[in-house]
Amino acid sequence: MKRTGFNLMLTFGLVLLSLPVFGQNTGTVFGRVVSADGEEIPYATVFLKGTTRGTVTDDKGSYRFQVPAGVQTLVVSSVGYKQNERQITVQTDQETEVNFAPEKEALVGEEVVVRAQGGVSRVNKSAYNAVAVDTKALQNSTKNLSQAIAQVPGMKIRESGGVGSDMQLLMDGFSGKHIKIFIDGVPQEGVGSSFGLNNIPVNYAERIEIYRGVVPVGFGADALGGVINIVTNKKRSGWNLDASYAYGSFNTHKSHINFNYTLGSGWMFEVNAFQNYSDNNYRIDTPVEHFNADGSTSLNTSKIEHVRRFHDTYHNEAAVAKVGMVNRSWADRLLLGFAYSQMYKEIQNGVIQKVVFGQKFRKGHSLMPSLEYSKQDLLTEGLTLSMTANYNDNTVRNVDTSAYRYNWLGEKKYMSGSLGEQAYQDLESKNRNWNGTVTLRYRLGGRHLFLLNHVTNNFRRDNTSRVGGTTVSEADAIAKITRKNISGLSYQYIPSEAWNISLFGKYYNQYNSGPVSTSASGTDNYVPLSNFVSAFGYGAAATYLMKNGLQAKLSYERAYRLPTNEELFGDEDLELGSVGLKPERSDNLNLSLSFDRQFAGVHGLYAEVGFVYRNMKDYIQRTISTYSGNKTYASYSNHGKVLTKGFNLALRYTFADWISVGGNFTRMDVRDNVKTMMAGSSQASLTYGARMPNQPYMYAGSDISFFWRDLLKKGNRLTVTYDNFYVHSFPLYAENLGDASSKERVPSQFSHNISLTYSLLQGRYNITFECTNFTNAKLYDNFSLQKAGRAFYGKVRIHFSGTEKADKRDRGHKHRSGRR
C-alpha cells in the first residue's frame, strides 16, 4: 500500500507540474516530424526562431507546445537532416497543425539508418544499446521472426529441430529466459507456442526492435540479456491486404494473411491469420538401437546410420482480430482484440537425440482477449498515457500412453507391463495468465522526460489426469501460482540533439506457490511450498552523437530476472521445474562505438563494435538429468556466479540500390565464477573459470545482396541474396572434467543459404525461391540435436493497398486551424 501510494503521489505531482500557464494571447502548435520515406524522427528540436521557446519530438516524431499568437517562424532541427523553417499564423486559444518532412543532410549519419538491403538499422538517438530490423526487405522470404533476428550482431537462434520445435534466442551470451519478448510493448508471457517467434511469419511485423543488455523502464521487464519488441504497422489509412503462401521440403506449408481497414471517421479493424505445417521428416545421422528376433536389443554407438525422422509432424493455426477507434479527441488508440490459436506436435525424441519416441504427442489451444488504450496530452500538454491488458486461457495436453518402445528405424517393441515411452500420462494443464501494463510519459520543457511504468502478471496452472478417467493426483491437487509485479521510474535529460542521458530505477516482486515432494524418492508426499522475493534495481544510459558519423553509447544496470513459469513448474513432460528458485542478479555494462557515413550519395559505410560485461549471481542453469527407468529430463537450478566478457563486430557497405554486403562476428566468454565447492568451504571448485556447458561462444555471419531495378519492365525488381552462418565448436558438458579425449563437443558448423525474388508492379506480386543449407552441412544445437539438411522452398505473395489517395490528401493537408 505504501508503494502504491507513493506511485500515485508521484503521478499526481507530475500532472501538477505539467499544468500550463494559460494566457489570452497564446495558441497551440502541434504536428509530426517525419523523413521523406515516412520514418518518424524522434528528439528533433522544434522552436520559435529568435527565441528559446520550443520542445523536442517524442519517440513517435510528434510534438506540441504553446506559442504566442500572431505570425511566427517555426524551425525544426535534427542531426542528419537539413534545418527547416516555416512561417505560420497562430490564433489565440486555437490549435495549428504543422508537419515537417526535412531532407537528409549529405555526409551525416541518419537518425535511424534503415537499410532496406541489409535490414538492420541503428536506433541512434536512444541512449540504450538498440538496433532495429526493418522487415520490409524480408517479407517476400519464408523466414519467421526468429530467423529475421538472427542477422543482428550478437544474436543466434537455437532450435531443437524443424518447424515448431523448441526455440531459444542467444543474445551476447545470454539465452532463453534471459531475453523477454514483447509485441507492441505488450509482454508475451504465457501466450502459448503458436505465438513463439519461430512460428510467427516475418510479414506480421513492420520492424523488430532489439535492446541488448540494459533495458528501458518502459518495457517493465525483468530481463538480463535484453528485450525484443515486435512492432506492427500502426501508420495506416484506407485499406491494406497482404497475403502469402509458401511450400517446401519435408511437406512444409506456411501461409499468412493480413487485412486492415481504417475509415475516415476513425473506426478501424484488422485481421491477422497464419498457419504452419510440416512433417519434419528430414534425415539425421545417429547410432540405432536394433530389436533382435529373440527379444533382446543391441546398440553399436560407433556405427552411425542415416535415418529419417518419422514422428515429428507439427501444425499450428492462429488468428488475431482487432477493432476500435483511432485518432479521436479522447483516445489516440482504443482497440479491443481477440486471439485464438491451436497446435499439435508429435514428439520424436527427448532432450537428447538417442531417446526415441513413436507415439508421444502434445496438443493445445489458447484464447486471449485484449484491450489497448493510448492518449497523448491527457489532461495537460506533454502527458501521455498508455495501457494494455490481456487474459490468456491456454490449455495443453501431454499424451504418453503407448505400450511400445521405438527405435530410429521406426520399428517398435512391445514392453510387457510397461506403459508410456517417457512417463505414463494423459495430462491436461489449464494455464490462466493475466497481463497488465500502465505507462505514463511526461515531457517537461522540451528537455526533460519522465516515465512511470508498472507491469503485473498473474499465472495459475491446474492439472487434471485423464488416465483411467478424469482424476487429480496428489501433486496436481496443489495449484501452481505465480504473481509478478515490476515498477519503474526513469528520467531522461536531452540538452541537445547530439547527446542525452537517462537515469532509472526498478522495483521487482514475485510470489510463487507449488507442490514439492518431501519423500526420499521425490515422487510422493507432496506439500505446498510458497516463497516471496523482492529487489530494487537501478541504472543509467548515455549517448553522444558526433556530426562526422561517430556515436558512442554507454549503459549500466543492476538488473534482476525473476524465474519463469517453466523454470518454476516445468512443462509437465520433459522439463522439471523447481519452485524454490531464486532470482538472478546481474551487473550489466555495455559500451558501443559506431560509424555511419554516406559518400557521394551512392556509397554507404556502417561499422560497429560493442563490448559486454555481465557479472551474474544465482544463475539459473538448465541441465540434463537421468532418473529411474533410464528416463531423461531437463531440470533447473541456481548455479551461483557466472561471469561474461565479450564483444561483437558489424560491418556493412552499400552501393546505391544495387549492392549490399555485410557481416558480423561475436565472441562471448561465459564462465563459471564459483571459486569453492560450496559457501563457507575452502575446497576449490573444479569448474571455476571453465566455460558454461552447452553454450556457443563464437559465431559469425555474412550476407551479400544484388538488386536489379526495372528488370524486363519498369516497376519490377530482381533480388538475389546469399548468406551464411558459422558456429565454432563448443563443449557439451563441463570442459575441464575428465579426460580431454573423451570430451563430447558440438562440432563446428557452417551453413549457406541462397534466395531469389522477383517483384512485379512495385511489389504487388512477388515470387521467391530459396535453398537453405545448400551444402547439406550437419547442423546441431541444444545438446547435439541435429537439424534439417538441404531444403528448398517457394513462396508467392500479393500486396494491395488503398492508401495512396489518402496519403496524398494527408501530405497536401499540412496546416489546420480550429478549436478541438
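To keep things clear, this report deals only with the structure shown in the data block. (Residues numbered from 1 in each chain as written. Predicted model: local features only at pLDDT ≥ 70, side-chain atom pairs only at ≥ 80, totals over all residues. Heavy atoms only, no water.)

## Observations regarding the overall build of the protein chain
Then comes step 1: Assigned secondary structure in the protein chain consists of 4 helices and 52 strands.
Then comes step 2: Considering the protein chain as a whole, with its 820 residues, one finds that 53% of them fall into the buried category.
Then comes step 3: Considering only contacts within the protein chain whose residues lie at least 6 apart along the sequence, 65% involve residues at least 24 apart. (Helix = DSSP H or I, 4+ residues; strand = E, 2+ residues; numbered from the N terminus. Buried < 20%, exposed > 50% of the residue type's maximum accessible area, 1.4 Å probe, protein only. Contact = heavy atoms within 4.5 Å.)

## Regarding the nonpolar core
Then comes step 1: If you look at the biggest cluster of nonpolar residues, it comprises 29 residues, and the most contacted ones within it are Leu145, Met155, Phe195, Ile208, Ile210, Ile228 and Ile230.
Then comes step 2: Those elements that place two or more of their residues in this core are strand S9 (130–134), helix H2 (145–149), strand S10 (155–159), strand S11 (167–171), strand S13 (179–183), strand S15 (207–212), strand S16 (226–231) and strand S24 (314–328). (Core = buried A, V, L, I, M, F, W, Y, C linked by side-chain atoms within 4.5 Å.)

## Here's the deal with the packing of aromatic side chains
Then comes step 1: Under the criterion given, the structure shown has 23 aromatic pairs.
Then comes step 2: With a centroid separation of 6.0 Å and 50° between ring planes, the pair formed by Phe259 and Phe269 is classed as tilted. Remark: Phe269 occurs in strand S19 (residues 267–278) and Phe259 occurs in strand S18 (residues 252–262); sequence separation between them is 10 residues.
Then comes step 3: The exposure class of Phe269 is partly exposed, given its relative accessible area of 33%. (Phe/Tyr/Trp six-rings, centres within 6.5 Å; stacked < 30°, edge-to-face > 60°.)

## Comments concerning the side chain of Thr482
Then comes step 1: Relative to the helices and strands, Thr482 is located in strand S32 (residues 480–493).
Then comes step 2: Those residues in contact with Thr482 that sit more than four places away from it in its chain are Asn457, Asn458, Phe459, Gln510, Tyr511, Asn512, Asn565, Leu568 and Phe569.

## Overview of the sheet that holds S11
Then comes step 1: Taken together, the 3 strands give an open sheet; going across it, the order is S10-S11-S12, and neighbouring strands pair in antiparallel fashion. This sheet does not close on itself; its edge strands, each paired only once, are S10 and strand S12 (174–175).
Then comes step 2: By the bridge criterion, 2 bridges tie S11 to S12 in an arrangement that is antiparallel. Looking across to S12, one finds that Leu170 is bridged to Ser175. (Pairing = 2+ DSSP bridges.)

## Brief notes about unusual backbone geometry
Then comes step 1: Even without a glycine there, the phi angle at Phe250 is positive, about 65°.
Then comes step 2: For Leu712, which is not glycine, the phi dihedral falls at a positive 70°.
Then comes step 3: With respect to the helices and strands, Leu712 occurs in the loop between strand S43 (698–709) and strand S44 (717–727).

## Quick look at the pattern of salt bridges
Pairing is possible between side chains of opposite charge, provided their charged atoms come close.
Then comes step 1: All told, the structure shown has 24 salt bridges when counted by the stated rule.
Then comes step 2: Note that Glu557 is salt-bridged to Lys506, the shortest N-O span being 3.1 Å. Pair noted here: Glu557 is in strand S35 (residues 550–561) and Lys506 is in strand S33 (residues 499–517), with a separation of 51 residues, a long-range link. With respect to burial, Glu557 and Lys506 carry one shared label: buried.
Then comes step 3: Residue Arg671 pairs with Asp669 through a salt bridge whose shortest N-O separation is 3.8 Å.
Then comes step 4: Judged by its relative accessible area of 19%, Asp669 falls in the buried class.
Then comes step 5: Each of Arg64, Glu95 and Asp377 takes part in one network of salt bridges that share partners. (Salt bridge = Lys/Arg side-chain N within 4 Å of Asp/Glu carboxyl O.)

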